[in-house]
Amino acid sequence: MPASGALGGASIASPQDIQSAINGNPATVRQYRGTQFSFSGAWMEPTYNLTQDGALPLFGVSSFSQTKSDAPGVAAGNIGLTQELSASGLPLTMGMGLISAAGAGADFRQVPESNGTHASLTIIDIVGSAGLELTDNLHVGGTFALSTATMSGPFVGITGSSTGYGIRGGVGVNYAILPQTNIGAYWKSQTSFTFDNLAGFTAGSFVDVAADRPETFGIGISNQSLMDGKLLLAVDGVFQKYSDADLFTALYDDQWSLHVGAQYSPTTRCRWRIGYAFAENPLRSIVPAGAGGVLPPGGVDHITYIQSLFANIPEHRITGGFGISDICPGVDLDLYAGGMFEDSVDLGSTTTTTASLEGYWVGFGLTWRFCRGMCH
């Protein structure tokens, strides 16, 4: 996202870009006036390494030394549009977005001993949101998303890729507890996907894989009273309920993350941003013998090996960036960058699979504000 990407993701109470409002707390869409359109893009480059210490003959994996994933980086784009309807006598703002909700992969097929190990997941959301102003201080909102997901792998065997579809709903609320202090919260439902004929363990026989994006809760607070209103501080907490999510419940525990951001505006045209995010390591210490409705031939060892391909283990992330208003009349520019520090994990009991991950990302956004509808 063009602004919250520099704020450690903090955006639940006072989002500084329309994509974060549309995709996050829908009540905050009402903070935007006039007609606004924004496009943002980012490049994310991970370094993902895997080491297998010992053979796993039930699914054809042998020992191999530390190897870097051949999966390329990810290019992600996010588009948002908001339209205020106050001119029609409605205290309502509508929003629509095309959001890159997930995009990552790990590929070790260049290593013969891995027996074709790879996994990837891409999710695109078509999102509609609306924010309603109940009082000057209280806004509520709702959101609906149609999701398209493509998964490749992750079960070692005769695997390809498959596409699934799902829907997601959500509600949000935002309240100004003081003139320059907002508190917001949202809930998003689970999204369920079925990937037909994704995994096969014997020639000519394929099985469907069920995978869910988890139910999500978020709460945030923001304040803009310091330094004569030039400093915005925001803190968010997000909870993802993996314990009820097909496939990922076998890999992850429920996860909390904390997002902290600060924005300083020395002039009316310039905004400097910095952020920090902490996300719990969600990997389960004990995994079951199956996942996503699939009982693979390797049982627990097979699921543990798959877990190493989804080792979202770095806990600390830092971000920064800046924004400039009116680079052309009515057009704003935002730039940001961030990185997550390297972390590693050892998985397995009979053998050890070691995964390590670090990465960085850079992004930008352009926003067109018609009728000069700035963030209210």
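For the structure itself, consult the block above.
Reading guide: rules and limits
Residue indices follow the written sequence of each chain, beginning from 1 at its first position. Residues qualify for local features only when their pLDDT is at least 70, as the model is predicted, and side-chain atom pairs are given and counted only at 80 or more; totals for whole chains, interfaces and linings, by contrast, use all residues. To obtain the side-chain values, all non-hydrogen atoms of the structure were included, while hydrogens and water were left out. Numbered from the N terminus, helices here are DSSP runs of H or I no shorter than four residues, and strands are runs of E no shorter than two. Just to be clear, the radius of gyration here is over C-alpha atoms, and the globule rule we use is 2.2 Å times residues to the power 0.38. Exposure is judged per residue with a 1.4 Å probe applied to protein chains only, and the accessible area is read against the type maximum: over 50% gives exposed, under 20% gives buried, and values in between give partly exposed. Residue exposure ignores everything except the shown protein chains as possible cover, and the areas themselves are Shrake-Rupley values with a 1.4 Å probe. Each reported salt bridge corresponds to a side-chain nitrogen of Lys or Arg within 4 Å of a carboxyl oxygen of Asp or Glu. Only centres within 6.5 Å qualify two rings of Phe, Tyr or Trp (six-membered ring in Trp) as a pair; their planes then separate them into stacked at under 30 degrees, edge-to-face at over 60, and tilted for everything else. Two conditions define a charge sitting above a ring: the NZ of Lys or the CZ of Arg must be within 6 Å of the ring centre, and it must be within 35 degrees of the ring normal. As used here, the term nonpolar core means buried Ala, Val, Leu, Ile, Met, Phe, Trp, Tyr and Cys residues forming a set that is joined through side-chain atoms within 4.5 Å. Any two residues whose heavy atoms approach within 4.5 Å at even a single point are treated as in contact. Each patch is built from residues lacking any salt bridge and having more than 30% relative accessible area; the joining distance is 9 Å for like charges and 5 Å for nonpolar side chains (Val, Leu, Ile, Met, Phe, Trp, Tyr). When DSSP finds at least two bridges between two strands, those strands are taken to pair. Two N or O atoms form a polar contact when they lie within 3.5 Å of each other; inside protein one atom must be a possible hydrogen donor and the other a possible acceptor, and for residues adjacent in sequence the pair counts only when both atoms belong to side chains.

*Asks:* Account for the overall build of the protein chain, with residues named and values stated.
*Replies:* Helices and strands together make up the secondary structure of the protein chain, namely two helices and 17 strands. For 376 residues, the compact-globule formula gives about 21 Å, and the C-alpha radius of gyration of the protein chain, at 22 Å, lands near that figure. For the protein chain, the C-alpha atoms occupy an extent of roughly 65 × 35 × 35 Å along the three principal directions. Taken over 376 residues, the protein chain has a buried fraction of 52%. Carbon and sulfur atoms provide 62% of the accessible area of the protein chain, an area that totals close to 15,700 Å².

*Asks:* Give a detailed account of the pattern of salt bridges, specifying residues and quantitative values.
*Replies:* A full pass over the atoms with the stated rule returns eight salt bridges. Taking the shortest distance from any N to any O, the salt bridge between R30 and E133 comes out at 3.1 Å. You can see R30 sitting in the loop between α1 (18-23) and β1 (35-53) and its partner E133 sitting in strand β5 (residues 118-133), a full 103 residues away along the chain. Each member of the pair, R30 together with E133, is buried. Among the charged side chains, a salt-bridge network with shared partners connects R30, R33, E84 and E133.

*Asks:* Describe the packing of aromatic side chains, listing the residues and the values that go with them.
*Replies:* Enumeration over the complete set of coordinates arrives at 13 aromatic pairs. What links up through ring pairs into an aromatic cluster is the set Y242, F248, Y252 and F310. The side chain of K188 reaches across the aromatic face of Y186, ending 5.4 Å from its centre.

*Asks:* Tell me about the nonpolar core, and name the residues and values.
*Replies:* Here is a general trend for soluble globular proteins: nonpolar side chains tend to be buried in one another's company. Core analysis: the biggest nonpolar cluster contains 48 residues, and F155, F195, F248, I303, Y305 and F310 have the highest contact counts within it. Mapped by element, the contributors of at least two residues to this core are β1, β5, β6 (138-152), β9 (191-202), β10 (205-213), α2 (299-309), β16 (331-347) and β17 (352-370). Contact partners of F195, with chain neighbours within four places excluded, come to L121, A149, T150, M151, S162, T163, G164, V207, D208, V209 and A211. Core analysis: the next-biggest nonpolar cluster, separate from the first, contains nine residues, M1, I18, Y32 and A145 among them.

*Asks:* Explain a nonpolar patch on the surface to me, and be specific about the residues and the numbers.
*Replies:* Together, Y175, I177, L178, I183, I219, I221, V235, L258 and V260 make up a nonpolar patch on the protein surface, roughly 700 Å² of accessible area in all. Of all the secondary structure elements, the ones that give two or more residues to the nonpolar patch are β7 (161-178), β11 (215-226) and β13 (255-264). It is β7 that contributes the most residues to the nonpolar patch, three residues altogether. Among the secondary structure elements, L178 is positioned in strand β7.

*Asks:* Describe the pairing of β5, with residues and values.
*Replies:* Alignment of strand β4 (residues 92-107) against β5, held across 15 bridges, turns out to be antiparallel. Counted as the bridge partner of G103 is T122 from β5. Relative to β6, β5 runs antiparallel, the two being bridged by 14 bridges. Bridging from a neighbouring strand, G128 pairs with F144 of β6.

*Asks:* Which residues make up the environment of N281, and what values go with them?
*Replies:* Here N281 is to be found in the loop between β14 (270-279) and α2. Given a relative accessible area of 32%, N281 falls into the partly exposed group. Residues N281 and N312, 31 residues apart in the sequence, show an inter-C-alpha distance of 6.9 Å. Look past the residues within four positions of N281 in its chain and what remains in contact with it is I313 and E315. A polar contact is formed between the side chain of N281 and the backbone nitrogen of L283, at a distance of 3.1 Å.

*Asks:* Before we move on, can you summarise unusual backbone geometry with the specific residues and values?
*Replies:* What is expected of a backbone is that most residues other than glycine have negative phi and most peptide bonds are trans. Between G153 and the following residue, P154, the backbone shows a cis peptide bond with an omega angle of -10°. Turning to its location among the elements, P154 is positioned in the loop between β6 and β7. Residue N115 is not a glycine yet carries a positive backbone phi of 55°. Summarising the element assignment, N115 is placed in the loop between β4 and β5. For N197, which is not glycine, the phi dihedral falls at a positive 50°. Relative to the assigned elements, N197 resides in strand β9.

*Asks:* Now, about the side chain of S4: what can you tell me, with residues and values included?
*Replies:* Following the sequence through the fold, S4 ends up in the segment before α1. What makes S4 buried here is its relative accessible area of 5%. Not counting residues up to four positions away in its chain, the partners in contact with S4 are G9, A10, S11, D17 and S20.

*Asks:* Give a description of α2 that names residues and reports values.
*Replies:* The buried count for α2 comes to nine of 11 residues, which makes it a mostly enclosed element. When α2 is considered as a whole, its buried residues turn out to be G299, H302, I303, T304, Y305, I306, Q307, S308 and L309.

*Asks:* Residue-level account of the side chain of S38, with values.
*Replies:* Tracing the backbone shows S38 in strand β1. Of note is the side chain of S38, whose polar atom sits 3.0 Å from the side chain of Q19. Polar contacts involving the side chain of S38 include one to the side chain of T367, which spans 2.9 Å.

*Asks:* I'd love a proper account of the environment of W272, names of residues and values included.
*Replies:* When you line up the elements, W272 lands in strand β14. Excluding residues within four positions of it along the chain, W272 makes contact with A262, Q263, Y264, P266, G321 and F322.

This is a description of form; function is not addressed.
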